[in-house]
Amino acid sequence: MHLNLDTSVPNIARIYDAMLGGKDNFAADREAAARLTEVEPLSPRYARHHREYIGRAVRLVAGLGIRQFLDVGTGLPTMDNVHQIAHRHAPGSRVVYVDNDPTVCAHARALLADDPGAVAVVAEDLRRPERILAHPETRRLIDFDEPLCVLVTGVLHFIPDDDDPHAAVQVLTDAMCPGSHLVISHITDEKVRRTRPEDNRTGMNVFAKSNAPMHPRTRRDIERFVDGLEPVDPGLACISEWHAPNPSGIREDLRNVWLGAVARKP
């Protein structure tokens, strides 16, 4: 597959990869990651904690008997991807990855080539949820009459209000049967706007030059993504603390920047 990539424009998936110490990034991505780290030295730690949060959420849901996962906005493959965690804790699980980035899809397909019976990659966009649900690969692996887990992590804050991400997530949750779970994560800038407004503007400017500007939201706006669902304790919380083995040891400056929640459809 030939990809026509503009490597001069920072790419959010590759910036995240650079933050995690990956190799699937270019100079512009590394420069953006370095600039973000300069503004917020904890940025690489946020990225690592986010991966750990996803792992804990998948393990929890798998432990509840869920055996099918729809991961929307998956990002570049990295350590402990959803299918690896799911297969380790719930053998036989089926996973569909969805992303609108051709680079992400190409890397994911290469990684998953040996397991097409249980894992698939769909090139689609969260802003077109009906197409995700109707895609043949989604329908091949996901039975919407059985409980599933929909993950929408690390992507919602890149969708502007004009594209109505709440409505997009609602379409996905409407398709889930009772007993299904939604996993979300979202960056909020409430704390940074209060304490370091200049840093907040600088960080937003870094993403403004990327392929997807960032749109942080308030805690209440983030809570709206799970309206109508039953939040799993502790509800919407800092990703570093959510079901973490030692939440009391989390530094204060890691709190209330990146929030996450898992919620069950009644």
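Treat the numbers as computed from the prediction; the structure is a model and nothing was measured.

Trainee: Could you clarify how one ought to interpret unusual backbone geometry in this entry?
Mentor: Of all residues except glycine, most have a negative phi; of all peptide bonds, most are trans. Cis geometry marks the peptide bond from Asp-233 to Pro-234, where omega comes out at 15°. One non-glycine residue, Asp-164, adopts positive backbone phi at about 50°. Along the chain, Asp-164 falls in the loop between strand 4 (149–152) and helix 8 (165–175). Residue Asp-164 is classed as partly exposed on the basis of its relative accessible area of 38%.

Trainee: Explanation requested: the pairing of strand 3 (residues 119–123) in the structure shown.
Mentor: Here strand 3 lies mainly inside the structure; 4 of its 5 residues are buried. Strand direction decides the pairing type here: strand 2 (residues 94–99) and strand 3, joined by 5 bridges, are parallel. Pairing of Tyr-97 across the sheet is with Val-121, part of strand 3.

Trainee: What's the story with the packing of helix 3 (residues 43–63) against helix 4 (residues 82–89) in this structure? I'm lost.
Mentor: Two packed helices can be described by the angle between their axes and the distance between those axes. Viewed as axis vectors pointing N to C, helix 3 and helix 4 meet at an angle of 35°, and their least axial separation amounts to 9 Å. Viewed along their axes, helix 3 and helix 4 form a crossing whose handedness is right-handed. Of the residues in helix 4, those in contact with Ile-54, Gly-55, Val-58, Arg-59 and Ala-62 of helix 3 are Val-82, Ile-85, Ala-86 and His-89. Considered class by class, the residues forming the contact of helix 3 with helix 4 number 6 nonpolar, 2 polar and 1 charged.

Trainee: Quick question: what am I supposed to make of the side chain of Thr-74 here?
Mentor: Tracing the backbone shows Thr-74 in the loop between strand 1 (68–72) and helix 4. Ignoring sequence-local partners within four residues, the contact set of Thr-74 consists of Tyr-97, Val-98, Asp-99 and Val-104.

Trainee: Can you help me understand the packing of aromatic side chains in this one?
Mentor: How two aromatic rings sit relative to each other is given by the distance of their centres and the angle of their planes. For the coordinates displayed, the defined rule picks out 1 aromatic pair. Ring geometry for Tyr-53 versus Trp-242: centroids 5.5 Å apart, planes at 90°, classification edge-to-face. Here Tyr-53, found in helix 3, pairs with Trp-242, found in the loop between strand 7 (237–238) and strand 8 (258–264); they are 189 residues apart in sequence, far enough to count as distant. Trp-242 matches Tyr-53 in its accessibility class, with the two residues each being buried.

Trainee: Any chance you could explain the nonpolar core here in plain terms?
Mentor: One broad rule of soluble globular proteins: the nonpolar side chains tend to lie buried together. By size, the foremost hydrophobic cluster in this structure holds 36 residues, and its most contacted members are Val-58, Phe-69, Val-82, Leu-151 and Val-262. Looking at this core, the elements that each hand over two or more residues are helix 3, helix 4, strand 2, helix 5 (102–112), strand 3, strand 4, strand 5 (181–187) and strand 8. If you tally residues by element for this core, the top one is helix 3, at 8 residues. Leaving out residues up to four positions away in the same chain, Phe-69 has contacts with Val-58, Val-61, Ala-62, Val-82, Ala-86, Ser-93, Arg-94, Val-95, Val-96, Ile-142, Cys-149 and Leu-151. If you look at the next biggest cluster of nonpolar residues, it comprises 32 residues, including Val-98, Leu-126, Phe-225 and Leu-229.

Trainee: Can you walk me through the layout of surface pockets in this structure?
Mentor: Where empty space is left can be seen by rolling a probe of water-molecule size over the atoms. In this model, the second largest pocket occupies a volume close to 330 Å³. Considering the residues around the second largest pocket, the lining is formed by 15 residues, among which Arg-48, Arg-51, Glu-52, Met-79 and Asp-80 are closest to the centre. Per element, the largest residue contribution to the lining of the second largest pocket is 6 residues, and it comes from helix 3. The class makeup of the residues in the lining of the second largest pocket is 4 nonpolar, 4 polar and 7 charged.

Rules of the game
- The numbers attached to residues start from 1 for each chain and follow its sequence in the written order.
- Note on the predicted model: pLDDT of at least 70 is required for a residue's local features to be given, and 80 or more for side-chain atom pairs to be given and counted; whole-chain, interface and lining totals, by contrast, use all residues.
- With hydrogens and water set aside, each side-chain value is computed from the structure's full complement of heavy atoms.
- Helical segments are the DSSP runs of H or I of at least four residues, strand segments are the runs of E of at least two, and each set is numbered from the N terminus.
- Buried means the residue's accessible area, taken with a 1.4 Å probe over protein chains only, is under 20% of the maximum for its type, while exposed means over 50%, and partly exposed covers the values in between.
- Being paired, for any two strands, means DSSP has found at least two bridges between them.
- Fitted lines through C-alpha atoms serve as axes, helices being fitted only where they are in contact, and the angles separating the N-to-C directions of these axes extend from 0 to 180 degrees.
- Here a crossing is called left-handed whenever its near helix is offset anticlockwise from the far helix by less than a right angle, and right-handed whenever the offset is clockwise.
- By definition in these notes, contact holds between two residues if any of their heavy atoms fall within 4.5 Å.
- Under the convention adopted here, Pro, Cys and the residues Ala, Val, Leu, Ile, Met, Phe, Trp and Tyr are nonpolar, Asp, Glu, Lys and Arg are charged, and Gly plus all remaining residues are polar.
- Two rings from Phe, Tyr or Trp (for Trp, the six-membered ring) form a pair when their centres are within 6.5 Å of each other. A pair whose planes differ by under 30 degrees is stacked, one over 60 is edge-to-face, and the rest are tilted.
- Residues belong to a common nonpolar core when they are buried Ala, Val, Leu, Ile, Met, Phe, Trp, Tyr or Cys residues joined through side-chain atoms within 4.5 Å.
- The definitions used throughout rest on a 1 Å grid laid over the protein atoms alone, on which a cavity is an enclosed set of points accommodating a 1.4 Å probe that cannot get out and a pocket is an open set flanked by protein within 12 Å on both sides along at least five of seven lines; lining residues are those having an atom within 4 Å of a point.
- Grid points are joined across faces, edges and corners, and a volume is the space filled by probe spheres set on the points.

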